[in-house]
Amino acid sequence: GQQVMQIPQYQHVQEGEDFTTYCNSSTTLSNIQWYKQRPGGHPVFLIQLVKSGEVKKQKRLTFQFGEAKKNSSLHITATQTTDVGTYFCAGNHNQGGKLIFGQGTELSVKP
Amino acid sequence: GAGVSQSPRYKVAKRGQDVALRCDPISGHVSLFWYQQALGQGPEFLTYFQNEAQLDKSGLPSDRFFAERPEGSVSTLKIQRTQQEDSAVYLCASSLERLAGEDTQYFGPGTRLTVL
């Protein structure tokens, strides 16, 4: 079946270091979405990428969608303690609203 | 404005009991989704409604799981004869547009179900 793989599972960084999480789908996606979930919280929408090769930025966060629309990445520059949480990618395979989530990357930031 | 709300927030059930989980989507949102999130995992799709129509229930793990949205707003996820493997957080999400796959899904706080 359709799968979305996400690595790494955990990432521990010192405050100020950069962070990247990678997402790969077994099949071509119609779009990919990124969510952040704080400990004990629920997923909060960050961004959606639709076009092949698309790059979007939100302050220190940079999101990329691969040319083949099968992979994506989230890069955070100069992490802060407020960035702590689990980052999920979620792919849509053009099957209505169904999202296939990756396993998530848990980010911890040491001050 | 109010976001997606879910009740109860926590539910403890004895194995074999039936449970009903409620989701109140954002007012006016056409699409509603249920996901199951096990500890340390990403949410897994269960089912999806567009208004009152259940368009996809491919993720429901067994026939013990049943979801409805009779008036196109509030939805209920029912689990019959609960088993320990049903223990998880059940998340509800809603989105505004018909083309739900291309629109933001807003998640509720979830219901944490523990089956003893």
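Keep in mind the model is a prediction, meaning the values are calculated, not measured. (Residues numbered from 1 in each chain as written. Chains lettered and ligands numbered in written order. Predicted model: local features only at pLDDT ≥ 70, side-chain atom pairs only at ≥ 80, totals over all residues. Heavy atoms only, no water.)

*Asks:* How would you summarise the side chain of B:His29 if you had to cite specific residues and measurements?
*Replies:* Of note, B:His29 is situated in the loop between β3 (19-24) and β4 (31-37). Non-local contacts of B:His29, meaning those with residues more than four positions away in its chain, are made with B:Arg69, B:Ser94, B:Ser95, B:Leu96 and B:Tyr106. (Helix = DSSP H or I, 4+ residues; strand = E, 2+ residues; numbered from the N terminus. Contact = heavy atoms within 4.5 Å.)

*Asks:* Which residues make up the sheet that holds strand β7 (residues 61-65) of chain A, and what values do they have?
*Replies:* Sheets are built from strands that pair by backbone hydrogen bonding, the pairs being arranged parallel or antiparallel. Residues and elements named next belong to chain A. On the basis of which strands lie adjacent, the open sheet formed by 5 strands has the order β1-β3-β8-β7-β6 and antiparallel pairing. The open sheet has two edge strands, β1 (4-7) and β6 (55-58), and neither has a second partner. Across this sheet, the average inter-strand angle for adjacent strands is 15°, counted without regard to direction. Across 4 bridges, β1 lies against strand β3 (residues 19-25) in antiparallel orientation. Opposite Met5, over in β3, you have Asn24 as the bridge partner. (Pairing = 2+ DSSP bridges. Axes fitted to C-alpha atoms, helices over the stretch in contact; angles between N-to-C directions.)

*Asks:* A description of the sheet that holds β3(B) should follow, citing residues and the corresponding values.
*Replies:* Residue and element names in this part refer to chain B. The 4 strands lie next to each other as β1-β3-β8-β7, forming an open sheet whose pairing is antiparallel. Bordering the open sheet on either side are β1 (5-7) and β7 (65-68), each of which pairs with just one other strand. Ignoring strand direction, the axes of neighbouring strands in this sheet form an average angle of 15°. As judged from the 5 bridges shared by β3 and strand β8 (residues 75-79), these two strands associate in the antiparallel manner. Directly across from Val19, in β8, lies its bridge partner Ile79.

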